[in-house]
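Listed here are the chains, written in short residue letters.
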Amino acid sequence: MPRRVLGSGAPVDFAPSPEHELLRQTVRDFAVREVEPVVAQHERERRFPSDVVAMLGPMGLLGIPFPEDEGGAGLDTLAYAIAVEELARVWGSLALVVAAHTSLGCGPIHTAGTPGQKERFLVPMAQGRVLGSFGLTEPGAGSDSGGTRTTARFEKGPGDGTWVIDGTKRFITNARYAGTYVVTARTGTRSDGSPEIGAFIVTDPTPGFSVGRIEEKMGLHASSTGELIFDRCRLPADQMLGGRGDGWKLFLRALDGGRIAIGAMAVGLAQAALDASVPYARQRQQFGRPIGSFQGVAFMIADMATEIEAARLMVYRAAWLKDQGRDHALAAAQAKLFASEVAQRATNAGIQVHGGYGYMEEFKVERYLRDAKLTELGEGTSQIQRLVIARRLLDLEVM
Amino acid sequence: MQIVVLLKAVPVVGTERLDAAGRVDRSAGLEPNGNDEYSLERALTLTEAHGGEVTILSVGPAAATDPIRKTLAMGAARAVHVLDPGLIGSDMAATARVLVAALRRLDFDLAFAGADSSDGGGGLVPAMVATQLGLPYLSYAADVEPLDGAVRVRRISPGGYHVIEAPTPALVVGTQLLGAPRYPSLRGIMQARSKEVATWTLADLGIDPATVGEAAAGTRLLRTETPPPRGRALVVRDGPDAAVAQVVAFLAARGLA
């Protein structure tokens, strides 16, 4: 099915389509009216926002870039990036829930699922009835995802046989609250000695599958990050996603898309810091004048705004490339790298503009900094993004 | 049941500006008038429950396209946008005449309007429309219930409420008591792309341009100004004894006690 791409299709056109504008306004209205009032309490209590997530599904916000026949809203990656950005502007934790669900939970099934798998797993996820999650990282496999220790052993048996999964996944976003997990496991060893990785769809509950420890994090306190434990967990053969050994490629591809969403989240958090800093710099008086009238503060604001705009355009361009069906791996890595580092600087500057008040939880800008740090780590650290970019440019095995 | 919702595109609340002529600047950044959205919400729930469709009717500038699109994304079936350069500067009476001419070309059981607009705030247009069309006028609706060939409205009044009934077609003026408007769903946003927005001109409606617009206005705008910001409000949340002391101190400080 051809993708519906919004926008004029002109070579360079920075005007968002009316649909993208209406989407942005809708998500912004929703975030400010329905979400913002509950953020502080959830963050303080480290409470997963199940009630808010339940409101997203009927609006179509949990399946934005997927076609309607897969349960999605039938929009594009740009629309998805805009929505994640607007959610992050109000609540980083919620944006991360949506990004992990959409890019990583739904994304691989959309890309590689059979019609039967899409009907059974993707449709309920994209409609927002089931939350999705993605299990790649392990205690010994972070940036080096090739270090995957979780195994999948095939056993002939009833029907087409079963896969038996054993191992532990760590730092899995949406753990405990997801109903469907897409996870990697070693299905064997290739002739060159490298692991053969498969992807599997696991629904909760499944005997042998459990969620372990939930982490306490520096930021994003209302999002859930936890351990997945597989102890002789049996999956029917038709819950393998893609072909045997396709898992690796599939996950790299999901991460390309996921980086766009993390970039969008970074832009939203940076924008939140700017949104808070501008009125504060205009109102806060020191030495008899607004602090924004001192260049020391004013120029911080100017730099924040300039960098945010550049980051936003990089994220949108990566999204646009994906929507055009063009190679977006480099653009996504660059956008994610730049946007996450901009978010780090902008949210830090946001605290600096607020002075001592910025260090107080009441002023929220300290939360933006804590939340933004994740964007430099998740879906590949900044160092991994630089590797991806440098390898493309140098065509060398940069390590 | 066919419902027409009269929609005014107003500047986004909080961003209102006046143009060089002292009129409200409606060239960009418009949104549906809040009270109209409450009415639309009820119109949508009524057609969802009883069948039928909602048609949006808006007299406004080109920038009204955005708020119209939003109402289609919320679930209205189609829209009529009366757009004509001759309409610039029209007063309430002229706007009502244009709405009347447009409504005469539409089939409807109920017409909904919002209690007043967040920009002009005149609150007279719906009554003018009902009067000119000879329609029953049911204002300040807190609830709307369709009956067979009639409508029942719970009308808020200073002392409580009235329950009033009228035969249809009728015009109902809605308030925010009708319930919060829905957010457009993403699917709704996509579906709105293929919904019909008919653009009607004064010529289409058979209206002489000399009878509308600024030159024909029966009222003249002499001056507009932004009200000064209000002073800070004192909100007393303490128990009665402490509250009384604070209120007395507040009044005493101003020589009022």
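Scroll up for the structure.
Residues numbered from 1 in each chain as written. Chains lettered and ligands numbered in written order. Predicted model: local features only at pLDDT ≥ 70, side-chain atom pairs only at ≥ 80, totals over all residues. Heavy atoms only, no water.

Caption draft 1: Representation of the overall build of chain A. Along the backbone of chain A there are ten helices and ten strands. Seen through its C-alpha atoms, chain A measures out along the principal axes to roughly 80 × 50 × 45 Å. Taking all 399 residues of chain A together, 55% fall into the buried category. A separation of at least 24 residues holds for 72% of the contacts in chain A among residues at least 6 apart in sequence. Element-wise, carbon and sulfur atoms account for 54% of the exposed surface of chain A, whose accessible area totals about 17200 Å². Charge-centre separation for chain A: the mean point of 44 positive side chains lies 2 Å from the mean point of 46 negative side chains. (Helix = DSSP H or I, 4+ residues; strand = E, 2+ residues; numbered from the N terminus. Buried < 20%, exposed > 50% of the residue type's maximum accessible area, 1.4 Å probe, protein only. Contact = heavy atoms within 4.5 Å. Areas by Shrake-Rupley, 256 points an atom, 1.4 Å probe, with all protein chains shown as cover. Lys, Arg positive; Asp, Glu negative; His and termini not counted. Charge placed at Lys NZ, Arg CZ, Asp CG, Glu CD.)

Caption draft 2: Region of interest: a nonpolar patch on the surface. Taken together, the side chains of Tyr140, Ile156, Tyr161, Val163 and Leu177 of chain B make up a nonpolar region of the molecular surface, amounting to roughly 480 Å² of accessible area. Exposure remark for Leu177 of chain B: the relative accessible area of 52% places this residue in the exposed category. (Patch = residues over 30% accessible without salt bridge, like charges linked within 9 Å, V, L, I, M, F, W, Y side chains within 5 Å. Salt bridge = Lys/Arg side-chain N within 4 Å of Asp/Glu carboxyl O.)

Caption draft 3: Just the pairing of strand 3 (residues 162-173) of chain A, in detail. All names here are of chain A. With five bridges joining them, strand 2 (residues 151-155) and strand 3 adopt antiparallel strand pairing. Opposite Phe154, over in strand 3, you have Trp163 as the bridge partner. With antiparallel pairing between neighbouring strands as the criterion, strand 2 and strand 3 make up a hairpin whose turn holds six residues, including Gly159 at a positive phi of roughly 65°. Here strand 3 runs beside strand 7 (residues 225-236); their pairing, made up of nine bridges, is antiparallel. Within strand 7, the position partnered with Thr162 by the bridge is Pro236. (Pairing = 2+ DSSP bridges.)

Caption draft 4: Inspection of the environment of His328 of chain A at higher detail. Residue and element names in this part refer to chain A. With respect to the element layout, His328 can be found in the loop between helix 7 (295-323) and helix 8 (329-354). C-alpha of His328 to C-alpha of Arg253: the two residues are 75 residues apart in sequence and 9.8 Å apart in space. In this structure His328 touches Asp256, Gly257, Ile260, Ala318, Leu321 and Lys322, once residues within four positions along its chain are discounted.

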